[in-house]
Amino acid sequence: MKRLMTLCSAIIIAMSAFAQLEGCKEILSIKITGAEGSSSVTCNDSLAASFVAFSGYCDNEYFKGKILPGAFDNQKKIDGRTRLSARYMLEGKDKANQKCKIFIENNAIEGSSYSQPRVFTDSKALAFLNTSELIGYLDHANNQFYVRIYVKEPHATTENITIQGSRGKLAATLETPALKAGEKCPIVIICHGFGGNRNGGLTSDVAVQLPKDGIATLRFDFNGHGESEGKMVDMTVPNEIEDAMLAYQYAASLPFVDTNKIGMLGHSQGGVVTSMVAGELGYKKLAAVVLMSPASVLRDDCIRGNVMGSFFNPLDPPEKVAIGNISIGKEYIRTAFTLPIYETAERYHGKACIIHGTGDRVVPYTYGIRYHEIWPGSEYHELPGFDHGFYPDPQKAVKIAVDFLEKALK
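Remember, predicted model here, so these are calculated numbers, not experimental data.

The next point concerns the packing of helix α2 (residues 201–209) against helix α9 (residues 394–409). Between α2 and α9, the least distance of the axes is 10 Å, while the angle of their chain directions is 45 degrees. By the angle between their directions, the pair α2 and α9 is classed as oblique. The element α2 and its partner α9 pack so that their crossing is right-handed. Counting all contacts with α2, which are made through Leu202, Asp205, Val206 and Gln209, the residues of α9 involved are Pro394, Gln395, Val398, Ala401 and Val402.

Our focus in this paragraph is the packing of aromatic side chains. Within this structure, the stated rule accounts for 8 aromatic pairs. For the ring pair Phe103 and Phe120, a centre distance of 5.9 Å and an interplane angle of 35 degrees mean the geometry is tilted. Of this pair, Phe103 sits in strand β6 (residues 99–109) while Phe120 is found in strand β7 (residues 118–121), placing the two residues 17 residues apart along the sequence. Overall, the relative accessible area of 38% leaves Phe120 in the partly exposed class. Seen in terms of ring centroids, Tyr348 and Trp375 are 5.6 Å apart; in terms of plane orientation they differ by 70 degrees. Their pairing is edge-to-face. Taken together, the positions of Tyr348 in the loop between α7 (341–345) and β20 (351–357) and Trp375 in the loop between α8 (366–374) and β21 (379–383) put the pair 27 residues apart, joining distant regions of the chain. The class of Tyr348 is buried, set by a relative accessible area of 1%. Three or more aromatic residues joined by ring pairs form one cluster here, namely Tyr342, Tyr348, Tyr371 and Trp375.

Okay, the environment of His140 next. Tracing the backbone through its elements, the reader meets His140 in the loop between β8 (134–139) and β9 (146–152). Along the sequence, His140 and Met264 sit 124 residues apart, while their C-alpha atoms lie 48 Å from each other.

Let us look at the pairing of strand β12 (residues 185–191). Counting buried residues along β12, 7 of its 7 residues qualify, which places the element largely inside the surrounding structure. One ladder, built from 6 bridges, connects β12 with strand β14 (residues 257–267); its direction is parallel. Bridge pairing in β14 places Cys185 opposite Val257. Bridging between β12 and strand β13 (residues 216–220) involves 5 bridges; their strand directions are parallel. In the sheet register, Ile189 faces β13, and the bridge partner there is Leu218.

What counts and what doesn't
- Residues numbered from 1 in each chain as written.
- Predicted model: local features only at pLDDT ≥ 70, side-chain atom pairs only at ≥ 80, totals over all residues.
- Heavy atoms only, no water.
- Axes fitted to C-alpha atoms, helices over the stretch in contact; angles between N-to-C directions.
- Helix = DSSP H or I, 4+ residues; strand = E, 2+ residues; numbered from the N terminus.
- Parallel < 35°, antiparallel > 145°, perpendicular 65-115°, else oblique.
- Left-handed = near helix turned anticlockwise from the far one by under 90°.
- Contact = heavy atoms within 4.5 Å.
- Phe/Tyr/Trp six-rings, centres within 6.5 Å; stacked < 30°, edge-to-face > 60°.
- Buried < 20%, exposed > 50% of the residue type's maximum accessible area, 1.4 Å probe, protein only.
- Pairing = 2+ DSSP bridges.

Below is the structure:
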């Protein structure tokens, strides 16, 4: 047991505290199963050397395989200070189920809290190990000996910014996943609904989840909403479309964005805007679209003179119509009368997902079905009894959206 403990210490030096692993991700977990033989020579108290062969295996989500014969640990004491060196080869299958080999080298000074392993592998899925900064940790709880190798992950960032919109500056939030220098990633532009803002509800939940899987997000407040400039009474669907177009241009200009993998998601009126922007841009510029309770009923509502329970003369609308504690203007109603929602949206031929609840009393789910009909090959998810905000379980709709975007853009 003492020899095995010495062996493990030589392979990788234990850290002084788990706090040192904060911000790191475990990639390899190698169990040392035994020593296969050893030899040593001692000259005096300050000069000695030893050699230990060992075996073991790794079995985790990134790699499954065993240590090949020939693994050894070498310890050299020079001037009373012991230098440690372990070298071994793993053979097995990586997380993509592809055969591969992993060579590991550890060099350290006895008593040091840290080890920085060097790894070489022919695995494409694990190729990042060849260039990443690695940290080693020895776990020997309950007489079980594991060599755990961690990779330091770059930090994801959240930045509040402003971008030019149709009626002044738009308040926006850019969420960027952890990226290496020169690395590019997909991005999703997120459009909130009528009277909402970028920091609440479903769209915000999607925005913060996607960066965890390597997809950046850009969410913004439409003109007259949230922290953006402009007045709500001056807001129209056409000028929201202009806002979204300008947000797209900003996102596409970011140096870390893969312009072949830009997506857009919208809820309610933001869904209408998203669908029409998709039709304008086309699938070559917009790789994926998600509509959540798309409010294409807004045109019919304005023609009927009844928007969310507020009545008016549609042929002679007033300067403004109060809807709860906010108001829409005459121009909103006038432009909605002839808004070519489906006629514009149907020009989009890319990947699309529509999510709607049958309990939606703001926008009947049949309006979502219409999008599914004009977009052949689109996904349609109908949630029985769910309302406009997807209660009683909003996270179910969020998960559908996130899963679709991860699959469509990765």
